[in-house]
Amino acid sequence: PSQRWRRSAARGGSAGHSAGAVGSCSFYLALAAGRCLGRGPGWAAEGAMPLLLVLLSLLVPGSAALEPISLSIAIGAASVLTGYLSYPSFYCGFVECCPGEAERPNTTALKEDLDNKLFGQHLAKDVILKAVTGFRNNPNPRKPLALSLHGWGGTGKNFVSQFIAKSIHKAGQKSKFVHLFIATLHFPHEHQITLYKDQLQTWIRGNVSACARSVFIFDEMDKLHPGLIDAIKPFLDYYEQIDGVSYRRAIFIFLSNAGGNLINKVALDFWRSGKDRKQIQLKDLEPVLSVAIFNNKNSGLWHSSLIDRNLIDYFVPFLPLEYKHLKMCIRAEIESGGKKINEAIVDEVASEMTFFPKDEKIYSDKGCKLVEQKLLYYWERL
């Protein structure tokens with residue numbers, strides 16, 4: 001794996017999206033984008049004219065002996081074509097481009113995704129929408145946006161990271177500017193932490209150099225070797241530039257099951273006291289959550305400088321899902337498959353799930369994680 005990482009990092013790529021070689025780009029796309037040769041879009045304007053003239057001399061028979069008026073027409077045509085090729089909307093039609101300063105996040109789509117596809121998470125919806133919108137609308141952020149999402153599996157953390165990525169880059173997690181790291185896949189061996197740190201820094205440096213609006217998602221933070229994530233601390237700090245590169249417009253998202261028990265306890269205490277879960281506020285959870293994560297030896301953020309130096313902007317709690325939220329997940333899954341909702345089947349699927357605590361059976365112990373698999377059994381009846 002380390003050799004693959006070196007090759008990817010050397011090309012300015014990441015684990016999921018490595019930069020392509022020059023040979024992978026057609027000549028015309030090279031003219032249009034310039035990025036295929038590792039250059040910025042401005043290259044198209046300054047480099048396309050000489051190349052087009054060379055093409056004219058090769059493609060037009062007897063071009064060396066063209067009459068002055070014919071040559072002028074040819075040069076004029078080349079100039080017009082060069083103008084089109086160097087225009088951002090033109091070359092970005094062929095290759096994915098990094099969002100420019102004037103481009104704003106698709107907050108409408110982000111809000112719709114949060115409203116229609118995330119259930120039972122009033123805290124996460126509010127924090128994520130305000131944090132991402134505020135950050136992207138800030139013309140001069142002092143540091144990158146760092147979000148740490150916590151809760152049991154199936155509560156929506158991965159969904160939210162996908163929504164954020166899609167609001168910044170249209171292709172979402174398929175974008176070459178969105179980079180997903182999975183602890184058990186990309187950092188499996190504890191004895192190679194030093195190597196992983198070097199590779200991680202190289203990856204981030206290369207990708208932010210290519211696109212200031214890069215998004216980095218770290219999944220399974222609770223399984224990450226303690227100390228490894230501190231390698232990215234300089235990139236999250238309040239530096240204007242590091243070696244000529246600014247990281248202030250990047251977004252870092254950490255996903256973890258750590259802290260889930262604490263979140264569940266707070267939710268259960270509210271339920272037992274007769275309070276609505278929507279009365280739970282961020283201030284009820286965020287301070288104790290950050291301390292618990294910092295002191296959790298099974299967390300990749302154990303005694304991390306990211307917490308110690310207050311470089312994580314928000315610790316976002318994801319509450320355990322109740323029976324009614326589980327049914328919302330089932331209905332949404334049915335609709336996404338193009339089927340008509342059958343409430344009898346919704347009830348059947350929900351009743352197959354397991355709940356906790358043992359006596360009260362209030363919360364789904366796997367959230368909505370198994371909904372898709374459970375529905376397969378009933379699909380023909382829908």
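Predicted, not measured: the structure shown is a model, and the values here were computed from it.

Let's talk about helix 10 (residues 193-210)
Across its 18 residues, helix 10 extends 26 Å between first and last C-alpha, which sits within 8% of the 26 Å expected from 1.5 Å per residue. Here helix 10 has its buried residues at Ile193, Tyr196, Gln199, Leu200, Trp203, Ile204, Asn207 and Val208. Projected onto a plane normal to the axis of helix 10, the buried residues spread over an arc of 150° and lie on a single side.

Quick notes on the pattern of salt bridges
By the definition in use, this model includes 15 salt bridges. For Lys117, the salt bridge identified is with Asp113, shortest N-O distance 3.3 Å. On the criterion of helical spacing, the pair formed by Lys117 and Asp113 is a turn pair, its members being four residues apart in helix 6 (residues 107-117). Taking the shortest distance from any N to any O, the salt bridge between Arg277 and Glu322 comes out at 3.2 Å. In this pair, Arg277 sits in the loop between helix 12 (260-272) and helix 13 (282-294) while Glu322 sits in the loop between strand 5 (314-317) and helix 15 (323-336), placing the two residues 45 residues apart along the sequence. The same class applies to Arg277 as to Glu322, namely buried. Here the salt bridges share partners, and the residues they tie into one network are Asp113, Lys117 and Lys166.

Considerations on the packing of aromatic side chains
Under the defined criterion, the tally for this structure stands at 13 aromatic pairs. Centre to centre, the rings of Phe187 and Tyr196 are 5.6 Å apart; their planes meet at 75°, and the pair counts as edge-to-face. You can call Phe187 buried: its relative accessible area is 2%. On the basis of relative accessibility, which here comes to 4%, the residue Tyr196 falls in the buried class. Aromatic pair Tyr377 and Tyr378: ring centres 5.1 Å apart, planes at 85°, arrangement edge-to-face. Assessed through its relative accessible area of 3%, Tyr378 is described here as buried. An aromatic cluster of three or more residues is present, and its members are Phe181, Phe187, Tyr196, Trp203, Phe216, Phe218, Phe252 and Phe254.

Here we look at the confidence of the model for the chain
Across the chain, the average pLDDT comes to 84, with 76% of residues at or above 70. Contacts of residues 6-14 to residues separated by more than four positions or lying in other chains number 21 contacts, the stretch itself having pLDDT below 50. With pLDDT under 50 throughout, residues 18-48 is counted as low confidence; its partners more than four residues away or in other chains account for 47 contacts.

Here's the deal with the side chain of Ser256
If you trace the backbone, Ser256 turns up in strand 4 (residues 251-256). At 2.9 Å, the side chain of Ser256 and the backbone nitrogen of Ala258 are in polar contact.

Digging into the environment of Ile229
On the secondary structure map, Ile229 appears in the loop between strand 3 (215-219) and helix 11 (233-236). Note on Ile229: relative accessible area 0%, which makes it buried. Here the alpha-carbon distance between Ile229 and Lys197, two residues 32 residues apart in the chain, equals 7.8 Å. Those residues in contact with Ile229, other than ones at most four positions away along the chain, are Phe218, Met221, Leu224, Phe254, Gly300, Leu301, Ser304 and Leu306.

Quick look at the state of the cysteines
Considering all chains together, one arrives at three disulfides under this definition. Each disulfide pairs two cysteine sulfurs, and for Cys98 the partner residue is Cys211, the sulfurs being separated by 2.0 Å. Its S-S torsion of about 70° marks the bond between Cys98 and Cys211 as right-handed, since a negative value means left-handed. Residue Cys98 is found in the loop between helix 5 (88-91) and helix 6, and its partner Cys211 is found in the loop between helix 10 and strand 3; the two are separated by 113 residues along the sequence. The pair formed by Cys98 and Cys211 is uniform in burial state, with each residue classed as buried. Here Cys329 pairs with Cys368 through a disulfide, and the sulfurs are 1.9 Å apart. An S-S torsion of about 75° defines the bridge between Cys329 and Cys368 as right-handed. Taken as a pair, Cys329 in helix 15 and Cys368 in the loop between strand 7 (363-364) and helix 17 (371-376) lie far apart in primary sequence, 39 residues in all. With respect to burial, Cys329 and Cys368 carry one shared label: buried.

Cut-offs and rules
Residues numbered from 1 in each chain as written. Predicted model: local features only at pLDDT ≥ 70, side-chain atom pairs only at ≥ 80, totals over all residues. Heavy atoms only, no water. Helix = DSSP H or I, 4+ residues; strand = E, 2+ residues; numbered from the N terminus. Expected span 1.5 Å × (residues − 1). Buried < 20%, exposed > 50% of the residue type's maximum accessible area, 1.4 Å probe, protein only. Arc of directions from axis to C-beta. Salt bridge = Lys/Arg side-chain N within 4 Å of Asp/Glu carboxyl O. Phe/Tyr/Trp six-rings, centres within 6.5 Å; stacked < 30°, edge-to-face > 60°. pLDDT = per-residue confidence, 0-100. Contact = heavy atoms within 4.5 Å. Polar contact = N/O pair within 3.5 Å; in protein donor to acceptor, adjacent residues only side chain to side chain. Disulfide = S-S within 2.5 Å.

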